[in-house]
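An overview of the molecular structure
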Amino acid sequence: MFRATLRSLLSRKLRLVLSGFAIILGVLFVASSMVLTDSLGNRFERLFQTVNADVAVQIQAADDQSGTDGEPPLLTDADLDRLADIDGVAAVTGEASATGVIPFRASDGKAVPTQGAPQIGVGYSGEEVTDDDDALLRLAQGRAPQRDDEVVVTRLTAEQAGVEVGDRLRVYVSAAYEAVEYEVVGLLEYSGGRDSLAGETMVAFTESQAQRLFYGRTGVYGTAQLRAEPGVTDTQLRDLVAGELPTGFEALTGEQLAEDQAAQFQQLLTFVNWFFLGFALVALLVGMFLIFNTFNILVAQRSRELALFRALGASWGQVTGAVLFEALVVGVLAATLGLAAGVGAAAALQAVAASALSLPEGGLIVTPLVVIVSYLVGVLMTIVAALIPAIRASSVPPIAAMHDTSRPDKSLTGLTVVGAVVTGLGGLLLAAGLVGAGALTALALGGGVLLTVVGVALLSPALTRPLAGTIGRLVSWGAASGLGRRNALRNPRRTAITAAALMIGVTLVSTITVIGASLKATTTDLVENNLGADVMILTNSQQLPTGREGFDPQRLDEVAALDGVSATVAYHFAVMTVDGQPNQLVSATDLDQAEPMFALETEAGRLDPGAGEAVVDVNTAESNDWTVGDEVTIAMPRGGDRPYEIVGIYRTALTAGLILPESQVRYFAGPLAYQGFVDVADDADVSRVVAEVEALMADYPLVAVGDRTSFVEQQNALVDTLLGIFYVLLALAVVVAFLGIVNTLVLSIYERTRELGLLRAVGMSRRQIRRMVRVESLLMAVFGCLLGVGLGVALGLAASFALRAQDVLTVVSVPYGQLAGFVVAAAVAGVLAAWWPAWRASRLNVLQAIAYE
């Protein structure tokens, strides 16, 4: 039986290639994601090991420590002297450093951008290291800064800013809220002649100037590095100084520091890994449909052969095992090729990422877990998909070996009833999710989506003849096209399974398309119909707002003096802890100006808070069970915990969270406004006002100025970018689904070889044969696409209405043109998918086809 199974497998290897290719693509996605994130994680670890290579022990502020002014504690010269007197400490070096130190380009005055890398400022001690290859950072050209108006920069910073030694460089320091011009007197480089470690920019000031800029006074440091005396290990040194540290500080070895820094990036890489694995799972699920259909067709084609095995004494278990063994071989070979391709793809992607981020050299990390997961995914998916066809194979009666048998299709009534029940349950859960709240809503929506997709897949065989038949009549002309339509309808289950694979991918694409269209329509509605401002001043920061990001609100006084400006309002944002709950949005503004600007509607109480009072949006109030008269405690960065009485509840789609009077900004971490809004007179030139406001905000590199149109375009471009990412990732599932169409057609041609020979014998031309196959492919593609579009629109509308109920959306939109484009693209792809099967069918030898068994 084993030898017979091998021979059977080898005789049908071409028929299993495409089903194996689907598994290859899925495993490729899984393996490349895991290898890429592991390899990039290793490079980040090496990066931070390099950064901290010269660090024995570092003294730094503990994560949960800050002073009453909202600033982390600082080390003084006296603290450093006391640490230097401890036995075992050879030297102590204080360091002044900060992020948000942004150089401007000399060519156009714009800020130097980075691809997510930090923009760093440091205090430079003036030590010129030119002959020590072990030093991480050294002066490569010029001299160290000696005056407070002098700086040195890394080679990468100089290149991106377009400056050389002797040029003037404008630098914005977030901690000082100002931009100042300096003379570049030297260039820095890292060991090995590198111009950066990870694409960061760095500006080095004199130590005293850095302290003034970063901390507001001299003689203080943010961190300190300790060097041990001979014979003292880093761990021993850390333990020696632990008891002598100033309050609010901790001691870490260089190894601990590197591990902590790398762990932050590892969390991001873990999220990216699971994000990609989610799309890989979708592709594998689609591949399972392909494999199921392949083995189902093969079992039907081999019914006489399988019956002969039974007649010769093979048990049902042996027949089932033979089919599963074929699936095992396909799964192992596909997983092997997918793993190899995944490693290759990860190598290419790592090279691109390493080049963009300037990461240190490092090889690919292929862990045993990657290999195990790849084979488990490939083999298990294949065997599970082939299980039902294998059981069906064992049920072939031995009498079928004596003559050709035709097993009639089972009635679709039972399957249709089950599909209708499952779809109905999914619809009920979706409805419950729309009116629910909290975690229950998410659970109901998730369960509703799953049951609805499964239910429609079960209903698809019953929908094949009415829906695909109608489509077929629209595209059928002539005998050949009519035969193609009837071929697609002769086995509704087979057509439905092939179409369902495409339906899954198109459903997800259509769902996110509807949600994306609703987001863009909402943005347009809010800006055009609700926002009472013509010019917006926005901060583009990768960090959560604290009050240190943005612009000086006094600049709005200058904006208000511009010709044509009728009103301005500054908006201060910060993320704080409220009543013990972290990450709560708190803002402060002049509500007299903001209320008409943001179309605030009073839901309860009043919207004119004074000192010690606040207003809150209706959704935040409901989620926290707050009402007018309640008191909340806000952990202010400056001033500690402060109580506020809620005096009003408002409703608007333009802002959210607690709003305090503008006077309360003094308790924020910084005085900067995060957003600004400008109302312009009806007869004023908005483009002129935008240009003048841009000039006033030129000192703030994170700030962008635009009118309503540019703001809408910017926000919608972000949505389009996110949609593009989803489309690219879901394209794999769609490609696998079209491979399923190709595979079904190829197997059908094998099954209908004699029929095709007879058609050619009675006069059908090769061109007509190709047309017949193309029509069959087109019907499967369009049928699957229509199912996916219909289901995707339903799910997208459900999600959009749920978001509208939470005031996230104000408009629900269906992009009919784009969805119609999906159907047209599916039709074209269906015709293209039929090219090889149609060519193969048209090239069959007539006499050999008629004699085919």
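Residues numbered from 1 in each chain as written. Predicted model: local features only at pLDDT ≥ 70, side-chain atom pairs only at ≥ 80, totals over all residues. Heavy atoms only, no water.

We now examine the overall build of the chain. The number of helices and strands found in the chain is 24 helices and 24 strands. When its C-alpha atoms are laid out on the principal axes, the chain stretches across 100 × 70 × 50 Å. Considering the chain as a whole, with its 853 residues, one finds that 49% of them fall into the buried category. Of the accessible surface of the chain, which amounts to about 37,900 Å², a share of 58% is contributed by carbon and sulfur atoms. The distance from the centre of the 55 positive side-chain charges to the centre of the 85 negative ones in the chain is 27 Å. (Helix = DSSP H or I, 4+ residues; strand = E, 2+ residues; numbered from the N terminus. Buried < 20%, exposed > 50% of the residue type's maximum accessible area, 1.4 Å probe, protein only. Areas by Shrake-Rupley, 256 points an atom, 1.4 Å probe, with all protein chains shown as cover. Lys, Arg positive; Asp, Glu negative; His and termini not counted. Charge placed at Lys NZ, Arg CZ, Asp CG, Glu CD.)

For Tyr-177, which is not glycine, the phi torsion reads 60 degrees and is therefore positive. Relative to the assigned elements, Tyr-177 resides in the loop between β9 (168–173) and β10 (178–190). Residues other than glycine seldom take positive phi values, yet Ala-599 does so here, at roughly 50 degrees. One can find Ala-599 in the loop between α16 (591–597) and β18 (601–605).

Mapped onto the secondary structure, Ser-777 falls in helix α21 (residues 766–805). The exposure class assigned to Ser-777 is buried, which follows from its relative accessible area of 0%. Among the polar contacts made by the side chain of Ser-777, one reaches the main-chain carbonyl oxygen of Gly-830 at a distance of 2.5 Å. With residues near it in sequence (within four places) discarded, Ser-777 still touches Ile-741, Leu-745, Gly-830, Val-831, Ala-833 and Ala-834. (Polar contact = N/O pair within 3.5 Å; in protein donor to acceptor, adjacent residues only side chain to side chain. Contact = heavy atoms within 4.5 Å.)

Summed over the entire model, instances satisfying the criterion amount to 13 aromatic pairs. Between Phe-214 and Tyr-215, the ring centres sit 6.2 Å apart and the planes meet at 80 degrees, which makes this aromatic pair edge-to-face. Judged by centre distance (6.4 Å) and plane angle (85 degrees), the rings of Tyr-727 and Phe-822 are edge-to-face. Taken as a pair, Tyr-727 in helix α19 (residues 708–751) and Phe-822 in helix α22 (residues 816–833) lie far apart in primary sequence, 95 residues in all. Take Tyr-727: its relative accessible area is 23%, and that puts it in the partly exposed class. Each member of the aromatic cluster is reached from another via a ring pair, and the members are Phe-29, Phe-271, Phe-275, Phe-276 and Phe-726. (Phe/Tyr/Trp six-rings, centres within 6.5 Å; stacked < 30°, edge-to-face > 60°.)

Attention now moves to the environment of Asp-148. The residue Asp-148 is located in the loop between β7 (137–142) and β8 (150–154) in this model. Using a relative accessible area of 32% as the deciding quantity, one classes Asp-148 as partly exposed. Discounting residues that sit within four places of it in the chain, Asp-148 has contacts with Tyr-182, Thr-206, Ser-208, Gln-209 and Arg-212. There is a polar contact of 2.9 Å between the side chain of Asp-148 and the side chain of Thr-206. Here the side chain of Asp-148 touches Ser-208 through a polar contact of 3.3 Å, side chain to side chain.

Turning to its location among the elements, His-572 is positioned in strand β16 (residues 565–578). Within the structure, His-572 has its side chain in polar contact with the backbone oxygen of Leu-672 (distance 3.2 Å). Not counting the four nearest positions on each side in its chain, His-572 is found in contact with Pro-553, Val-586, Ser-587, Ala-588, Glu-662, Val-665, Phe-668, Pro-671, Leu-672, Ala-673 and Tyr-674.

With that settled, consider the sheet that holds strand β13 (residues 223–228). The strand order across the open sheet formed by four strands is β3-β13-β1-β14, and the pairing between neighbours is antiparallel. The open sheet has two edge strands, β3 (89–95) and β14 (249–253), and neither has a second partner. Neighbour-to-neighbour, the strand axes of the sheet open up by a mean angle of 25 degrees, direction not taken into account. The pairing of strand β1 (residues 57–61) with β13 spans three bridges and is antiparallel. Bridge pairing in β13 places Gln-58 opposite Gln-225. Along the sheet, helix α3 (residues 77–84) makes contact with β1, β3 and β13, crossing β3 at roughly 160 degrees. Contacts between helix α6 (residues 234–242) and the sheet are confined to β1, β3, β13 and β14, with β14 contributing the most and set at about 170 degrees to the helix. (Pairing = 2+ DSSP bridges. Axes fitted to C-alpha atoms, helices over the stretch in contact; angles between N-to-C directions.)

Turning our attention to the pairing of strand β11 (residues 201–206). Taking burial as the measure, the six residues of β11 include six buried ones, the bulk of the element. For strand β6 (residues 119–124) and β11, the ladder comprises six bridges, and the chain directions are parallel. Each residue of the ladder has a partner; that of Gly-123, found in β11, is Phe-205. Across two bridges, β8 lies against β11 in antiparallel orientation. In the sheet register, Val-152 faces β11, and the bridge partner there is Ala-204.

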